Amino acid sequence: LNGAPRRAAALSDVNFIKPTYGTVSRYGIISCAASGEQVGVYASTAADIKDILGVIAGHDSKDGTSLPQEKYEYSLDEDIASMKICIIAELYEKADSDVKAKIDAYAEKIKSLGATVETVSLDCVEQAQTAWQILMAAETCNNVSRFDGVKYGYRTPEYKNIDELYVKSRTEAFGFLTKATVIYGSDVLSKGRYENCYDKALRIRRVVCDKLKAILTSYDAILTPVCGKTEYKPYDALSAFEKVYEESVFTAIPSITGMPALSAKGVQLIADSFKESVLLSIAHGVERTEA
């Protein structure tokens, strides 16, 4: 949803793929931000991800966002030597020296496989981050309304009327980050703010998609950090919203565009829609260089 699985994979030295939006059914998910969340796969190798993804991807009539193709085939055998990979300068510069070193090392391994690696500029990185936070908060605000303590979710043990049931159940069950997201989502959907915030975020989404597709007409994949650091120190819960926002800059683009993203070896690879095989082939190739 907001990049947390990709960041967790990077910090835990495992692989995680967020596939193209709509290729894996979301049926059964407790929806948060439906336009960006996607079932993904954790695994120790690219080959394992390929096998699992091949099983779970495909049309599901019970999911209104599911794409019509019945099944998807994935490969580890794309020709890496003919590929061109780019690094987005604006994201690279936001990472600390340890993360930059991971990006540099991964780029060298890709080059050793015959691929070309270049640096490009993308002028909508921060706009994509802000727009996705607005859309994510707005959708979350609507979707968590199901947690009413009546038929769904936690119910407070003591209440006098229906209003108190709603308020106390949500107050007791929601954490600080969820509450902050709901309040922010309510604000961007409010009268007088909708056009300047939510509607503008939708338009920015289209601009970001167009700019990414323009880059991916010249490059097969994008190599970026997946998080800004290789380790994190504990921080106060009241700082959670700010900390999560800061880190979302690295993961917002795949979330807002619906494009696939693979977290591997502490870095992130992004490709155009339905190009998971490109990502898996790159990751598999790099794994073989370390075997």
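Keep in mind the model is a prediction, meaning the values are calculated, not measured.

(A) Inspection of the packing of helix 5 (residues 125-143) against helix 7 (residues 176-188) at higher detail. Look at helix 5 against helix 7: their axes get within 7 Å of each other, and the N-to-C directions meet at 100°. With respect to helix 7, the element helix 5 is oriented roughly perpendicular. Across from Gln133, Ile134, Met136, Ala137, Ala138, Thr140 and Cys141 in helix 5, the residues of helix 7 making contact are Thr181, Val182, Tyr184, Gly185, Ser186 and Val188. By residue class, the composition of the contact of helix 5 with helix 7 is eight nonpolar, five polar and no charged.

(B) Summary view of the sheet that holds strand 4 (residues 116-120). With mixed pairing, the seven strands of this open sheet are ordered in space as 2-1-6-7-5-3-4. Each end of this open sheet is capped by a strand with a single partner; those strands are strand 2 (41-43) and strand 4. In this sheet, neighbouring strand axes are inclined to one another by 25° on average, regardless of whether the strands run parallel or antiparallel. For strand 1 (residues 15-18) and strand 2, the ladder comprises three bridges, and the chain directions are antiparallel. Bridge pairing in strand 2 places asparagine 15 opposite alanine 43. In the packing of helix 1 (residues 4-12) onto the sheet, the strands contacted are strand 1, strand 2, strand 6 (261-264) and strand 7 (267-270), and the crossing angle to strand 1 comes to about 160°. Packing of helix 11 (residues 276-289) onto the sheet brings it into contact with strand 1, strand 3 (84-88), strand 5 (221-225), strand 6 and strand 7, and relative to strand 6 it is tilted by some 15°.

About the thresholds
Residues numbered from 1 in each chain as written. Predicted model: local features only at pLDDT ≥ 70, side-chain atom pairs only at ≥ 80, totals over all residues. Heavy atoms only, no water. Axes fitted to C-alpha atoms, helices over the stretch in contact; angles between N-to-C directions. Helix = DSSP H or I, 4+ residues; strand = E, 2+ residues; numbered from the N terminus. Parallel < 35°, antiparallel > 145°, perpendicular 65-115°, else oblique. Contact = heavy atoms within 4.5 Å. Nonpolar A, V, L, I, M, F, W, Y, C, P; charged D, E, K, R; others polar. Pairing = 2+ DSSP bridges.

Don't take any of this as a statement about function, it's just geometry.
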